[in-house]
Amino acid sequence: MKKATFYATCLTMFSLVLLWQGNVLAQQVTGVVTDESNDETLPGVNIIVKGTMTGTTTDVNGQYELNAPSLNDTLIFSYIGFQTVEVPIDGRQEIDVQLSPVSLMGEDIVVVGYGTQQRRELTGSISSIDGDDMKSYSTSDPADLIQGRVPGVQVNSDGQPGAAPNIRIRGVGTFGNNSPLFVIDGVPVGTSIRDFNPNDITSIEILKDASAAAIYGSRAANGVVLITTQQGTTDTPLQVEYSGYFGIDEVWQRMPVTGREDYQMLVNEGLRNAGMPLVAGNDPNSPLYIDDINTDWQEEGLKTGQRMNHNLTFYGGGENTTYNLSLDYLDSEGTLVGHGPDYERYSTRLNTTAEKGIFKFGQSFYYTYTNEKALNYNTSELTGGRPPMIVDLVSAIPTLGLYDPSVEGGCAGTDQTIHRAIVLNVPCTNQLLEGETNVSRTFASAYGEVDIIDDNQQTLTYKISGSYDRTNVRNVNWVPEFVQGFFFSNAAADLNDGENTYYTGVVENTLTYDREFEGNHDVTLLVGHTYQRGGGIFRNGYAEGFPKPYFKVLDNGNTKTSSGSENANALESYFTRLNYNYDDRYLLTATLRRDGSSRFPEDNRYGNFPSASVGWNLHNEDFFSLPSFINQLKVRASYGQLGNQSIGEYQYIGTINTSIPYNWNGSKVFGATQTQVVNTEIQWETKTTANIGIDARFLKNMFDLTAEYYSSTTSDILVAVPIPNTTGAFDPPTVNAGELRNSGLELALSYNKMQGDFTFDISANFSTLKNEVLALGGNDEPIYGVGTKTEVGGEIGRHFGHKVEGIFQSQEEIDNHAFQNNGTAPGDLKFKDVNEDGVINADDRTYLGSGLPKYTYGLNFTGQYKQFDFTVFASGMGGHKINSRIYRYLMLTSDYLNYHEDMLDRWTPENRDTNIPRRVVNDPNNNGRDSDREGWLQNGTFLRINTVAVGYSLPQSVREMVGVKNTRVYFQVQNLYSFQHYKGYNPDFTAGTFEPGYDNGSYPKPRSFMVGLEIGF
């Protein structure tokens, strides 16, 4: 019903647009458009009569002809890579125009915190992404659009529809949340923007150093991402644009696992080597032997998904007003059989502005509703510490069928006698269990400006703005009665129904003074105050024991419980920034922000975060000349501090637990005591950064280069430090203890060819990362993760375990080696005696490699030949190793799960030339321990072809004939191929801070084939 209503609304609006007619053409204007930098003609320049749909493009010689409604109109000339200009006709019939190239150092405007700057005036580290570039990629989360496009930014993501990516700017800077702060149209919205519509975005700026980000102080330690959404344009009648696509998703990778015969052979071999009887279902001599089932679980569990998106935008404006209205629908159905993962989103945005004299007003309203069916399930029913469902799917045994109508729920399950394996029937289970998350989010903001002073030399502007962001989240999980083999069952149907509400309100006041002094001195001073208040309300209901037929509401359960909590927080900030520019040669930016957070005790509530940066435009100097091939060159440097308050509420306040059981004279009674030790002295986490960089344009302005080196140190890291159990505390206290350092080099290079029939743009970026742990608090005790160890002097989350020296080939080799286990036999792994004490134990573990990528890179090509356009985008990373849970599951030497085909090359007396140990149940040598054995730590280097697209735009003559402004159709492939060594699905998975190289079971990224349409009226 919702889809039908949405489509009907869109169709009605679309039909109204088709009734709108263009203007009558009258006066002819001709001319030639050239490149100002070299006087060469420019083909394909868009020319439109301002305020109308009338337009044309220049031919291969840069010439144009245009019939304008009036010789008093204004022409707008626009071309990719060049400044857009407006030229009044003023009665002329021939107008020649020169366009200025837009460069890294040019006049293009960049959004910065609380304002804008010309790029040539920047002194901080800011990277920009144009909205048109991002529209070549289909995603539900705008954060995905950053991947591979900016140096120093690492984006890891899962293949599930609706899954939020993990973004890190310049490494791991803290032990907690490393996500950057997102700011949309000047309003901070937290560390996630999944609910927002990517089609609304005009540009993204990423603030990477302290100079650029210090204006946001307390929340900028992990970097800041500024997002600007589409606005209307003045003196423009109603413009309507539609864009949409439809695509199918296929999991193109398949894990090579064994079929029935090989599986049974490997299980039997492991039992024989352990001297144990065979499992009945795998024993050819047993009447229960299975020879008629050979299930391919990837074939049964994976399906063709689909995705679609429809977006309508209405924009325009009068002399003093603008408006932009967008309607968007996104639907992404996943590739796993069952109730998900799926993601659906409805959204609408309205942006308006108005000016009257010295006053300016604006507002933005955004509403979104999403429905997500993720692969989450209640572990109280699916016991045993289940891995992600994709791991269960691939490791399921081929001798198990899919359905069994004789059992409750109808899902076939393993029998302890016949199979002995603990296996989850994923396709059937995912149809049986139901879970979804519904999110309703309202985000509204408004501002007012007044120009107190506005003359030729100086301006003084006051601005007040306010915003409110409210998100309602409902999580519902339903588990019916079922029996699935000997291990999984649910005797009483149960329902979890919870609702959470998150809210944030912000009020800001700023005063901006700008003045040009005699002698080419330009000064801009900003002062401001911000107050933010937010919090959350959490309610949950649980019921079990539902009668049949099921009616899934809490009151129908026989047993019901409920829980709830609330929290609140506040942040107050004062800030100022000074920008100084002398003669467009010497640049200075100085910033100071003072933040006060309710998350810290009163004595430590406020923190000060200063920064300063300088820039030098060498190409504007008179006392020396640059080489002729260098057109523009700027050197810049910055130093400053940023803050972090990303901890929970009330961490410095002790609380009383009223549910502590006591034995009182033989009776159980409940009392109260403090069960959490707190630190009443916690304070701001501080990140100090230094940055030096150059920006250059050379070889006739065809090449742009940015090169930077950065070093940052995070001190007083907020971390939970373990304490002895004798304290009686359940949770460790949060203290300021850790210290981290990150450093690296960043490069970005682009080449632009804008002349001739074939024009194109090539860009590449590359960045490195070095991470070092300087302190961990307390006595600097190491922090252990899944196969990792974080220790002072090393990097965070290094792989940790035993080194393998080979495989024992004889008992003599075992006897001559350090003692490993009583059951060690030929075919077992030989571990290195690191400390040379004659015994292999935990003391022989050592560091085995990095889990952090040492470098990341991206490559982008966009080209145009006449009416055709082409896009190829790729990205990758490398210099690290991956610990794969799914591969290790498939290579277990001791269990009854299915096997990777690599196991067929295991050690046997007949196959000694191998690096895979023997099959033996119970693994007496513990061959499966953390080590660097083959496959346990895999090369994480990869290159992914993210996007390949071909588009065709209708010629101007055809567009005029059918009455449309622009029309483009395209075909696009996403995730075309990954060149990788990794034997799992997804080498750029999301992971925890202390185990960055551990893939817990990332959902595969599908290959998507899409066709799309863009049309404007």
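Because the structure is a prediction, the values reported are computed rather than measured.

1. Observations regarding helix α4 (residues 260-273)
Across its 14 residues, α4 extends 20 Å between first and last C-alpha, which sits within 8% of the 20 Å expected from 1.5 Å per residue. Trailing α4 by a residue or two, Gly275 shows a phi angle of about 70 degrees, which is positive.

2. Observations concerning a nonpolar patch on the surface
A contiguous nonpolar patch, built from Ile452, Leu511, Leu525, Val527, Leu578, Leu588 and Val614 and spanning about 490 Å² of accessible area, is present on the exposed surface. Inspection of the secondary structure assignment puts Leu525 in strand β27 (residues 521-544). Overall, Leu525 belongs to the partly exposed group, its relative accessible area being 35%.

3. Considering the sheet that holds strand β39 (residues 783-785)
Taken together, four strands build an open sheet; the order of strands is β39-β40-β41-β44 and the sheet is antiparallel. What marks the edges here is a single partner per strand, and that holds for β39 and β44 (846-849). Strand-to-strand twist of the sheet, defined as the mean angle between neighbouring strand axes without regard to direction, takes the value 45 degrees. Where strand β40 (residues 788-790) and strand β41 (residues 798-801) come together, two bridges link them in antiparallel fashion. Counted as the bridge partner of Thr788 is His799 from β41.

4. As for the pattern of salt bridges
Evaluation of the coordinates by the stated rule reveals 37 salt bridges. Here Asp583 ties to Arg585 by a salt bridge, and the two come within 3.0 Å at their closest N and O atoms. Notably, a salt bridge pairs Arg593 with Asp595, separated by 2.9 Å at the nearest N-O pair. The pair Arg593 / Asp595 is uniform in exposure class, with both members buried. A network of salt bridges, in which partner residues are shared, links Arg170, Lys208, Lys634, Arg636, Asp695, Glu708 and Glu746.

5. Concerning the sheet that holds strand β2 (residues 46-49)
Overall, antiparallel pairing links the four strands, which are arranged β3-β2-β5-β6 in an open sheet. In this open sheet, the two strands that pair with only one neighbour each are β3 (55-57) and β6 (85-88). Looking at each pair of strands side by side, their axes are set apart by 20 degrees on average, direction ignored. Note: β2 against strand β5 (residues 74-78), four bridges, orientation antiparallel. Opposite Val49, over in β5, you have Leu75 as the bridge partner.

6. Overview of the packing of aromatic side chains
Two measures describe an aromatic ring pair: the distance that separates the ring centres and the angle between the ring planes. A complete count under the given rule lists 32 aromatic pairs for this structure. Residues Tyr977 and Phe979 carry aromatic rings whose centres are separated by 4.8 Å and whose planes lie at 70 degrees to one another, so their mutual orientation is edge-to-face. Owing to a relative accessible area of 37%, Tyr977 belongs among the partly exposed residues under this scheme. Residue classification places Phe979 among the partly exposed residues on the basis of a relative accessible area of 47%. Of the aromatic side chains, those joined through ring pairs into one cluster are Phe698, Phe703, Tyr751, Phe758, Phe760 and Phe861. When the ring centre of Tyr447 is taken as reference, the NZ or CZ atom of Lys463 above it lies at 4.7 Å. Cation over ring: Arg798 sits above Tyr847, and NZ or CZ is 3.4 Å from the ring centre.

Cut-offs applied
- Residues numbered from 1 in each chain as written.
- Predicted model: local features only at pLDDT ≥ 70, side-chain atom pairs only at ≥ 80, totals over all residues.
- Heavy atoms only, no water.
- Helix = DSSP H or I, 4+ residues; strand = E, 2+ residues; numbered from the N terminus.
- Expected span 1.5 Å × (residues − 1).
- Patch = residues over 30% accessible without salt bridge, like charges linked within 9 Å, V, L, I, M, F, W, Y side chains within 5 Å.
- Areas by Shrake-Rupley, 256 points an atom, 1.4 Å probe, with all protein chains shown as cover.
- Salt bridge = Lys/Arg side-chain N within 4 Å of Asp/Glu carboxyl O.
- Buried < 20%, exposed > 50% of the residue type's maximum accessible area, 1.4 Å probe, protein only.
- Pairing = 2+ DSSP bridges.
- Axes fitted to C-alpha atoms, helices over the stretch in contact; angles between N-to-C directions.
- Phe/Tyr/Trp six-rings, centres within 6.5 Å; stacked < 30°, edge-to-face > 60°.
- Lys NZ or Arg CZ within 6 Å of the ring centre and 35° of its normal.

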